[in-house]
Amino acid sequence: MGETFAFKEYLAGLLAGVATVITGHPFDTVKVKLQKHNTEAHGIKYKNGLHCTTRILQTEGVKGLYRGATSSFVGMAFESSLLFGIYSQTKQSLQGEVQSDVPRPKVIIPSAAYGGAIISFVLCPSELVKCRMQIQGTDSLVPKFSRYSSPLDCAVQTVKNEGVTGIFRGGFTTLLRESIGNAVFFSVYEYVRYYMHLQLKPTLSDHSNLIDMGIGIVTGGLGGVAFWSAVLPLDVAKTIIQTAPDKSSTRNPLLVLNSIYRRAGIKGCYTGLGPTIVRAFPANAAAIVTWELAMKMLGINRD
């Protein structure tokens, strides 16, 4: 019985990952372009997220916004499946016999951080490929002769030129981002969900599914905004580390952020904040609504 439940939780997480990419990838492309171009000393500078989006649509069309989405779909589906599955399973283990509705930080935080740490090993290679594909647009500083023809070509060329460790460039930064970010995400999600259920309990019986969906949208959206507000500087550092043309350049996120801070101040460390926050709400709302709906359809009770 326990194994069946575990499988269902991983399946629900996989569906949540697919929903996240469909909703959030265009915003992510804009974020990565801003992080790459606007933190470089020379080259194209975008005024803001809207200017960057307009440039992509003018020069590449909608296809440009979904550049690198193939690796993202594969990575995100697998990663989301692992994250939600590990989080649910670890939480159950830590709770033991004490099955309480009240959120407990000593259960939520380690479960989420552990899930985040595990998925970083899947996320790092897929995000490296995604980021390298995303910065290749029309405005790219990458010379045409050295561009990748597909995500697979990007992965193969990276391993050929930099060795197997090259595909894991930025791995430590990804692990930090995911562990801290998911601890924040699930804490906000669980607490907001608990208090919203308390407030809306009297009306739940009348429009149960609609209210559940509304709660999913709010909790997922706020959790996503909290995640990225907490770890965006680490994400900026990760983008710079993963897209650096020189394979001997530093992989230390603190050194990268220090050099960005000296050149562009705190604003530079939060490059891409606009499209990231705009993306975080709908993408994470879609993930949570899909996850909760899938869990319900698979017969797993969240309450």
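Residues numbered from 1 in each chain as written. Predicted model: local features only at pLDDT ≥ 70, side-chain atom pairs only at ≥ 80, totals over all residues. Heavy atoms only, no water.

**Q** Describe the nonpolar core, naming the residues involved and giving the relevant values.
**A** In terms of nonpolar packing, the biggest core is built from 34 residues, with F84, F186, W228, I288 and W291 touching the most fellow members. Mapped by element, the contributors of at least two residues to this core are α1 (2-37), α4 (69-95), α5 (105-134), α7 (171-204), α8 (208-243), α9 (253-269) and α10 (273-297). Not counting chain neighbours up to four residues away, the residues in contact with F84 comprise G13, A16, F186, I288 and W291. (Core = buried A, V, L, I, M, F, W, Y, C linked by side-chain atoms within 4.5 Å. Buried < 20%, exposed > 50% of the residue type's maximum accessible area, 1.4 Å probe, protein only. Helix = DSSP H or I, 4+ residues; strand = E, 2+ residues; numbered from the N terminus. Contact = heavy atoms within 4.5 Å.)

**Q** Could you give me a rundown of the packing of α8 against α10, with the residues and numbers involved?
**A** Axis separation between α8 and α10 bottoms out at 7 Å; the angle between their running directions is 140°. When the interaxial angle is binned, α8 and α10 end up oblique. Crossing hand, α8 versus α10: right-handed. Its residues assigned to classes, the contact of α8 with α10 comprises 14 nonpolar, 9 polar and 4 charged. (Axes fitted to C-alpha atoms, helices over the stretch in contact; angles between N-to-C directions. Parallel < 35°, antiparallel > 145°, perpendicular 65-115°, else oblique. Left-handed = near helix turned anticlockwise from the far one by under 90°. Nonpolar A, V, L, I, M, F, W, Y, C, P; charged D, E, K, R; others polar.)

**Q** Any chance you could break down the pattern of salt bridges for me, citing the residues and the numbers?
**A** In total, this model carries 12 salt bridges according to the counting rule given. Notably, a salt bridge pairs K31 with D235, separated by 2.8 Å at the nearest N-O pair. On the criterion of sequence distance, the pair formed by K31 in helix α1 and D235 in helix α8 is long-range, its members being 204 residues apart. Salt-bridge contacts for E162 lead to R169; the nearest nitrogen and oxygen are separated by 3.4 Å. R169 matches E162 in its accessibility class, with the two residues each being buried. Members of the salt-bridge network, linked through shared partners, are D28, K31, E127, K130, R177, E178, D235 and K238. (Salt bridge = Lys/Arg side-chain N within 4 Å of Asp/Glu carboxyl O.)

**Q** I'd like a description of the packing of α4 against α5, backed by residues and values.
**A** Between α4 and α5, whose axes approach to 8 Å, the crossing angle comes to 165°. Comparing their axes, α5 and α4 come out roughly antiparallel. Note on packing geometry: the crossing formed by α4 with α5 is right-handed. Grouping the amino acids of the contact of α4 with α5 by side-chain chemistry returns 16 nonpolar, 9 polar and 4 charged.

**Q** Talk me through the side chain of Q242; I want residue IDs and the actual numbers.
**A** By the element assignment, Q242 lies in helix α8. Accessibility expressed as a relative area gives 0% for Q242, which makes it buried. Beyond its immediate sequence surroundings of up to four residues, Q242 is in contact with C124, E127, L128, C131, R132, R169, G170 and T174.

**Q** Can you explain α9? Please cite residues and give values.
**A** For α9, built from 17 residues, the straight-helix expectation of 24 Å at 1.5 Å per residue is missed by more than 12%, its first-to-last C-alpha distance being only 11 Å. The largest bend in α9 comes to about 110°, at R263. Taking the backbone nitrogen of L254 as reference, a side-chain oxygen 2.8 Å away marks N252 as the first, capping residue of α9. (Expected span 1.5 Å × (residues − 1). Bend = angle between axes of the 7 residues up to and from the residue. Polar contact = N/O pair within 3.5 Å; in protein donor to acceptor, adjacent residues only side chain to side chain.)

**Q** Any details on the environment of S81? Residues and values, ideally.
**A** Residue placement: S81 occurs in helix α4. What makes S81 buried here is its relative accessible area of 10%. Sequence-wise, S81 and L11 are 70 residues apart; in three dimensions their C-alpha atoms are separated by 6.2 Å. Discounting residues that sit within four places of it in the chain, S81 has contacts with Y10, L11, G13 and L14.

**Q** Can you explain empty space enclosed by the protein? Please cite residues and give values.
**A** The final tally for this structure, using the stated rule, is 1 cavity of 30 Å³ or more. Roughly 470 Å³ of volume is contained in the largest cavity. Surrounding the largest cavity, 30 residues form its lining, T20, M76, E79, W228 and R279 being those nearest its centre. Residue assignment for the lining of the largest cavity shows that the elements contributing at least two residues are α1, α4, α5, α7, α8 and α10. The leading source of residues in the lining of the largest cavity is α4, at 8 residues. Its residues placed into classes, the lining of the largest cavity shows 11 nonpolar, 11 polar and 8 charged. (1 Å grid on protein atoms, 1.4 Å probe; cavity = no way out; pocket = protein on both sides within 12 Å on 5 of 7 lines; lining within 4 Å. Points joined across faces, edges and corners; volume = space filled by probe spheres on them.)

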